[in-house]
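One letter stands for each residue in the lines below.
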Amino acid sequence: MLKTGKNDKKRVMNIRISKSKYLNGLQCKKLLWYIYHEPEEIPAPDEATQAIFDQGHLVGDYAKKLFPNGVEVDHSKSFEEGLRSTKELISKRVPIFEAALTYKNCYARADILEPAGRDKWNLIEVKSSTELKDVNYHDIGFQYYLYTGAGLKINKCYLMCIDNTYIRKGDIEPDKLFKKIDVTEEVKTTYSKTIEDNVAAMVKAITAKTYIEIGIGAHCNDPYDCPLIDKCWSFLPERNVFFLYRNNKLPMSLIQDGIFELAKIPKKCELNEKNQIQVDCEKNGKPHIDKKRIKEFLDSIQYPAYYMDFETCSSAIPLFDDSSPYQQIPFQFSVHVVKEKGANPEHYSFLADGTNDPRPEFMTKLKEVMGTKGSIIAYNAGFEMNILRKCAEVLPEYKKWVESIGKRIVDLLQPFRDFAYYHPKQDGSCSLKKVLPVLTSKSYDDMEIGDGETASSEYCRITFTEDNKDKNKVRKLLEEYCGLDTMGMVDIVDRLYKSLNKEVEK
């Protein structure tokens, strides 16, 4: 039990832990302290995170449609008014959205409270994901503890998430969009049992004069990326051990041994082949070039060569008929065609316009460009092939053509994923965003649209919302971004050819 003096007791009583803060505290009590004491030190959500929040709000709106008689609590006036309105609606026995209650130091607003029988309630937490995670159980466990403590009789606890097997046909059908999972037993027997102790520990952390110093670790990214990462990880040198390619455990072990720099990993440390290449490159400052494997890869390219890249968008709520939640829908392609080795590339592109399903026109235009012979080169080609196969499921007239594409595909990621080529400035990554700058003079850094997530969100903004006054500008930026992807691949292949003749930059 927490021991406090008079002033401390008053401070403790004034602490209010919401369910989101409770989850923050489970992840890291240092983060929780900052939220209460130095919130200005916590950066605002980036565009990608904000897009996730927006998806969550949209999903919540569709979940409410399952309860047409439901009433939403108005929290806009004041905190106290929200509590008062909730109690009034509870007495009326109607489905309630955002029902707010407090208990001890805890506060929560349930997504949905559904009347059950004469005097009980079903507690329903809505998630925009397609699979449940441990953090979701902690979330609803906190709510169960609070609501039962406040005097509600909870009948069942449900987590309701997106059913990704749902295929839209006409208007969205909320009863098919969601799947409701009974988690009552897990909540009652496990996840609600530790709340009391957890909250006490969190209150103690919050009321401390300064934060508890917590070392870096897996909790920094689990279950969410912590907004304090830049602050907590700032002691690491720029060229640090976390650059080790696909090695999650070793960096933390090295940090505990006081080894922070990639170049200072001792020889006695047993590394896999790829990690050893990284350390050697870091020490000598030169790229690793396996000429035999690079030549084998380049020899697999048949001309004319088609360098291909797609941009896609997805939504929890399917935008078009014959699409599923979070299905990647292609809205843009860029293709650079090199008719023979060394020839100047010819550029072809497509960017959908309007709110109709872009897939039919996308497939038509792409087929017109791709020809019937020669290699089709993509970076991480499995992504593009999966998009084409999914399109062919909806447009079966393209099925044989897509099969023929699969026989011609060449994955430019291969020589970098296999470490046939590795440059220390890749920072342990084989992504196009890292490979392109080290092999060419080109970069995405100064582009207003310089990554796939931004491309997707900007396309959706100017296409499906009224916030589209800059539509022409954004469409031009999208064309530039996608075009750099494919022209960049042309340049990378050219540099690989030159690396065989020792003409690669050091």
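Use the structure listed above.
Just so it is clear, the structure is predicted and the values come from calculations on it, not from any experiment. (Residues numbered from 1 in each chain as written. Predicted model: local features only at pLDDT ≥ 70, side-chain atom pairs only at ≥ 80, totals over all residues. Heavy atoms only, no water.)

> I'm lost on the packing of aromatic side chains in this one. Help?
Centre-to-centre distance and the angle between the planes together describe a pair of aromatic rings. A complete count under the given rule lists 22 aromatic pairs for this structure. Consider the rings of F79 and Y107, whose centres lie 4.9 Å apart with planes at 55°: the pair is tilted. One end of the pair, F79, is in helix α5 (residues 79–92); the other, Y107, is in strand β4 (residues 106–116), with 28 residues separating them in the sequence. F79 gets classed as partly exposed once you look at its relative accessible area, which sits at 24%. For Y107, a relative accessible area of 12% gives the class buried. (Phe/Tyr/Trp six-rings, centres within 6.5 Å; stacked < 30°, edge-to-face > 60°. Helix = DSSP H or I, 4+ residues; strand = E, 2+ residues; numbered from the N terminus. Buried < 20%, exposed > 50% of the residue type's maximum accessible area, 1.4 Å probe, protein only.)

> What is the right way to look at empty space enclosed by the protein in this model?
Gaps left between atoms show up when a probe the size of a water molecule is rolled over them. Following the criterion strictly, the structure yields two cavities of 30 Å³ or more and no others. Considered as a void within the structure, the largest cavity measures approximately 60 Å³ in volume. Taken together, C28, K30, I214, G215, I216, H219, C220, C226, I229, C232 and W233 make up the full set of residues lining the largest cavity. In this model, the second largest cavity occupies a volume close to 40 Å³. Taken together, C313, S314, S315, P318, L319, S323, S324, Q327 and I329 make up the lining of the second largest cavity. (1 Å grid on protein atoms, 1.4 Å probe; cavity = no way out; pocket = protein on both sides within 12 Å on 5 of 7 lines; lining within 4 Å. Points joined across faces, edges and corners; volume = space filled by probe spheres on them.)

> Which parts of the structure should I look at to understand the side chain of D139?
Turning to its location among the elements, D139 is positioned in helix α6 (residues 134–149). Overall, D139 belongs to the buried group, its relative accessible area being 4%. Separated by 2.9 Å, the side chains of D139 and Q143 make a polar contact. For D139, the contacting residues outside a window of four places in its chain are K19, L23, E125 and K127. (Polar contact = N/O pair within 3.5 Å; in protein donor to acceptor, adjacent residues only side chain to side chain. Contact = heavy atoms within 4.5 Å.)

> Teacher, can you tell me more about the packing of helix α2 (residues 19–27) against α6 here?
Packed helices, taken two at a time, are described by the angle between their axes plus the distance between the axes. Between α2 and α6, whose axes approach to 10 Å, the crossing angle comes to 130°. Put simply, α2 runs oblique to α6. Judged by the twist between their axes, the crossing of α2 over α6 is right-handed. Together, K19, Y22, L23 and L26 of α2 and V135, H138, D139, F142 and Q143 of α6 make up the contact between the two elements. Looking at the contact of α2 with α6, its residues break down into five nonpolar, two polar and two charged. (Axes fitted to C-alpha atoms, helices over the stretch in contact; angles between N-to-C directions. Parallel < 35°, antiparallel > 145°, perpendicular 65-115°, else oblique. Left-handed = near helix turned anticlockwise from the far one by under 90°. Nonpolar A, V, L, I, M, F, W, Y, C, P; charged D, E, K, R; others polar.)

> Would you mind showing me how to read the environment of A316 here?
Note that A316 resides in the loop between β9 (305–313) and β10 (329–338). Through-space distance from the C-alpha of A316 to that of T148 is 32 Å; in sequence the pair is 168 residues apart. Contacts of A316, omitting those with residues within four sequence positions, involve Q55, V59, S128, I162, L177, P325 and Y326.

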